[in-house]
Amino acid sequence: MLWLAVVAFFSAALVSLLVLRWARRRNFFYDEQSPQKFHVGEIPRLGGIGLLCGILISWLLGMVSSLFLGDPAILRMGDWVGLWCVALLPAVVGGVAEDLTQRLSVRYRLFLTMSTALLAVAWVGLSVPRLGLFWVDDWMVSMPWIGLVLAVLAITGLPHAFNIIDGYNGLAAMVAIIICLALAHVALQVGDRALAALLVSTAAATAGFLVWNYPRGMIFAGDGGAYLWGVVIAFASIALVQRHSQVSPWFPMLLLIYPVWETVFSMYRKWARGVSPGMADALHFHQLIYRRIVRGVFDDDDEARDMLMRNNRTSPYLWAFTLLTVVPAVLFWRNTLVLMLCCALFVVLYAMAYISIVRFKLPSWLQ
């Protein structure tokens, strides 16, 4: 498992560096009026290519080791790993295509992530087996199509949720690392070394990308990277609950409540204002932290340096926010009731924090 992580780290770091140099020579330009832009200069958004290479190389090496080299690490990474590699491609390639061309509409990107979800359900066999609520679980046993629909919705939606929180240097990447390691920890607790190896490799590849992304912000993950994190984590979350009945389905839900609720709340905000949910804006939680909390901390004559420092200062607020859900999730991964209560508590705290920031009523120690 360790050597697969090393391979993933260095592969992602090297390919990201090569992509960075190539993109700089090609002079990629992006929309200057984009509300998500909080940096100076043209930064390539092609980090998803490095992430994809790091993950695929490590996963396929693990599969070859298990199938043809006697599986010395007892990882049991069989043919199904290859199916995962193929199934995630439509969503990730679509994201990279948008990063390269900036012409792929939200409708087409949603179609591609749904294609990945349908492949995962039909080909890989992923399905949500239960929700931890006995009256609902009885229905799901008699009507298994409910679990298939839930799996399609989860795999289709989570990549876009990660894309929404991917706004500042290191933000979505570190959230992905934290969640992958939490899932890997529980996978090891239930003896699923194969799933743990895939997740540790994904975390390591993300760390390789972070070498160039945080704190210098030399390359961004883009849609391709965000979709890759969302798909891999959705696959792993569903597979963990599907394979091991002792794992509560609310464990991955609590792990992912920040990006999921950010997406739901964003859709509600836009519908309430009569705006299309696909329309980008600058009112996400991380953007408010940048504008209302971090913006006044630095005052440098160099605009680019000032913006970079404020950009880097924003992400740790959200890393800590994520840990508020990850810690109880890891501690109570079997206990559905506690996990559900923690999800509800997070929603309440999120709403209170959002309103406080909007009304400039934050305590001084947070600033």
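Residues numbered from 1 in each chain as written. Predicted model: local features only at pLDDT ≥ 70, side-chain atom pairs only at ≥ 80, totals over all residues. Heavy atoms only, no water.

1. Structural notes on the packing of helix H8 (residues 171-189) against helix H10 (residues 222-243)
A pair of packed helices is characterised by two quantities: the angle between their axes and the separation of those axes.
Line of reasoning, step 1. Where H8 meets H10, the axes come as close as 11 Å, and the angle between the chain directions of the two elements is 20°. On the basis of their axis angle, the class for H8 and H10 is roughly parallel. Handedness of the crossing formed by H8 with H10: left-handed. Residues Ala172, Ala173, Ala176, Ile179, Cys180, Leu183, Val186 and Ala187 of H8 pack against Trp229, Ile233, Ala236, Ser237 and Leu240 of H10.
Line of reasoning, step 2. In terms of residue class, the contact of H8 with H10 is built from 12 nonpolar, one polar and no charged. (Axes fitted to C-alpha atoms, helices over the stretch in contact; angles between N-to-C directions. Helix = DSSP H or I, 4+ residues; strand = E, 2+ residues; numbered from the N terminus. Parallel < 35°, antiparallel > 145°, perpendicular 65-115°, else oblique. Left-handed = near helix turned anticlockwise from the far one by under 90°. Contact = heavy atoms within 4.5 Å. Nonpolar A, V, L, I, M, F, W, Y, C, P; charged D, E, K, R; others polar.)

2. Re empty space enclosed by the protein
Take a probe with the size of a water molecule and roll it over the atoms, and the empty space left behind shows itself.
Line of reasoning, step 1. Under the criterion given, the structure shown has one cavity of 30 Å³ or more.
Line of reasoning, step 2. Each pocket or cavity is described by its volume, and for the largest cavity that value is around 40 Å³.
Line of reasoning, step 3. Every residue along the wall of the largest cavity is listed here: Trp3, Leu4, Gly62, Ser65, Ser66, Asp71, Ala73 and Leu75.
Line of reasoning, step 4. Going through the elements one at a time, helix H1 (2-26) and helix H2 (47-68) are the ones with two or more residues in the lining of the largest cavity.
Line of reasoning, step 5. Ranked by the residues each element gives to the lining of the largest cavity, the list is headed by H2, at three residues.
Line of reasoning, step 6. For the lining of the largest cavity, a count of residues per class yields four nonpolar, three polar and one charged. (1 Å grid on protein atoms, 1.4 Å probe; cavity = no way out; pocket = protein on both sides within 12 Å on 5 of 7 lines; lining within 4 Å. Points joined across faces, edges and corners; volume = space filled by probe spheres on them.)

3. As for the pattern of salt bridges
Note on pairing: side chains with opposite charge can pair once their charged atoms come close.
Line of reasoning, step 1. Enumeration over the complete set of coordinates arrives at two salt bridges.
Line of reasoning, step 2. The shortest N-O distance in the salt bridge between Asp223 and Arg109 comes to 2.8 Å. Here Asp223 is found in helix H10, whereas its partner Arg109 is found in helix H5 (residues 106-124), with 114 residues between them in sequence. Pair check on accessibility: Asp223 and Arg109 agree, each one buried.
Line of reasoning, step 3. The shortest N-O distance in the salt bridge between Arg243 and Asp192 comes to 3.0 Å. Placement of the pair is Arg243 in helix H10 and Asp192 in the loop between H8 and helix H9 (193-213), with a sequence separation of 51 residues. (Salt bridge = Lys/Arg side-chain N within 4 Å of Asp/Glu carboxyl O. Buried < 20%, exposed > 50% of the residue type's maximum accessible area, 1.4 Å probe, protein only.)

4. As for H8
Line of reasoning, step 1. With 19 residues, H8 extends 28 Å from end C-alpha to end C-alpha; this agrees with the ideal 27 Å at 1.5 Å per step.
Line of reasoning, step 2. A large share of H8 lies buried, amounting to 14 of its 19 residues.
Line of reasoning, step 3. Looking one or two residues beyond H8, the residue adopting positive phi is Gly191, at roughly 80°. (Expected span 1.5 Å × (residues − 1).)

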